[in-house]
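Analysis of the macromolecular model
Next come the chains, spelled out residue by residue.
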Amino acid sequence: RPNYLQFARYSSQPNNQPFQELFDSTRTPNPELNSTEARFQISFKARLWATDDRRFGIWAAYTQQSQWQIYNSDLSRPFRENNYMPELMVSYRPDFEFGGFHWRLFNFGYNHQSNDRADPISRGWDRIIAEFGVERGNFALLIRPWYKIPDSDSQDENPDITDYYGHGDITAIYKWRGHSFQLMGRGNLDTQKGAAQFSWTSPPILGPLRAYFQAFTGYGDSLIDYNWKQNSVGIGVTLNDLL
């Protein structure tokens, strides 16, 4: 996944609600999260095993996304949220063509995502995820259905998370003259809740660094905001895109 640093990310409606109990316990006068914060993501994967032709393999991956209230001196510039996501997947390259599209990616595996915090702001879930990737020229489409592994009622910190995240997402990617344009959509048709995200990655501007722009609307900009609706935009630099 992309490795990026957004120097500034603006939200139309910062989510103070999960932290209100903490604010009350510390008797912080008039606490407010800033509308603008920094955000960065670190992501890497490693092949654990593969066949000689590399068409079939087992991979481990880790992604961490952090939201940092770096411009909020009133609250001592805290990290508002950290999301940790280890994954273990089996990957196969079908190399099958149909209708001008090439099916070259199939992943299947286990995904854990949490913010590693205590109640009342603990969030997390476990999923079984499949991923299908097809491409045609400069265009690629990634389709990811998932199944949420049930937790016991006493342990599930967000039992209604699929009401907002749905049961999968679709990402379209188009490359043009070194630029990369990505559009992701997800949602739940029964609850009519979901999200969309657009991102643009430029050609390299300084060594491997590329300019990066991201716009988001809907629910689940981070785990702490899974049931919170907002619009946000961020600008920064990235090392890579999805492809």
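Quantities reported herein were computed from a predicted structural model and do not represent experimental measurements.

1. A look at the side chain of Gln182
Tracing the backbone through its elements, the reader meets Gln182 in strand β10 (residues 179-188). Leaving out residues up to four positions away in the same chain, Gln182 has contacts with Ala172, Ile173, Gln197, Phe198, Ser199, Asp241 and Leu242.

2. Some points on the environment of Ala196
One can find Ala196 in strand β11 (residues 193-206). Ala196 gets classed as partly exposed once you look at its relative accessible area, which sits at 29%. Through-space distance from the C-alpha of Ala196 to that of Arg186 is 6.6 Å; in sequence the pair is ten residues apart. Leaving out residues up to four positions away in the same chain, Ala196 has contacts with Met184, Gly185, Ala215, Phe216 and Thr217.

3. Observations regarding the environment of Lys45
In this structure, Lys45 sits in strand β2 (residues 36-50). Taking the relative accessible area as the measure of exposure, Lys45 reaches 57% and is therefore exposed. Along the chain, Lys45 and Val233 lie 188 residues apart, while their C-alpha atoms are 27 Å from each other. Setting aside residues up to four positions removed in sequence, Lys45 forms contacts with Trp59, Ala60 and Ala61.

4. Observations regarding the nonpolar core
Membership of the largest hydrophobic core is limited to nine residues, which are Trp125, Ile129, Trp146, Ile161, Tyr164, Tyr165, Tyr219, Leu223 and Tyr226. Secondary-structure elements contributing two or more residues to this core are β7 (124-136) and α2 (161-165). Per-element accounting of this core gives the leading share, three residues, to α2. The residues touching Trp125, leaving out its near neighbours within four places in the chain, are Asn111, His112, Gln113, Trp146, Lys148, Asn158, Ile161, Thr162, Tyr165 and Leu223.

5. As for unusual backbone geometry
Comment: phi is negative for the bulk of residues other than glycine, and the bulk of peptide bonds are trans. With an omega dihedral of 10°, the bond running from Asp119 to Pro120 counts as a cis peptide bond. Following the sequence through the fold, Pro120 ends up in the loop between β6 (101-114) and β7. Despite not being glycine, Asp116 shows a phi value in the positive range, around 55°.

Conventions used here
Residues numbered from 1 in each chain as written. Predicted model: local features only at pLDDT ≥ 70, side-chain atom pairs only at ≥ 80, totals over all residues. Heavy atoms only, no water. Helix = DSSP H or I, 4+ residues; strand = E, 2+ residues; numbered from the N terminus. Contact = heavy atoms within 4.5 Å. Buried < 20%, exposed > 50% of the residue type's maximum accessible area, 1.4 Å probe, protein only. Core = buried A, V, L, I, M, F, W, Y, C linked by side-chain atoms within 4.5 Å.

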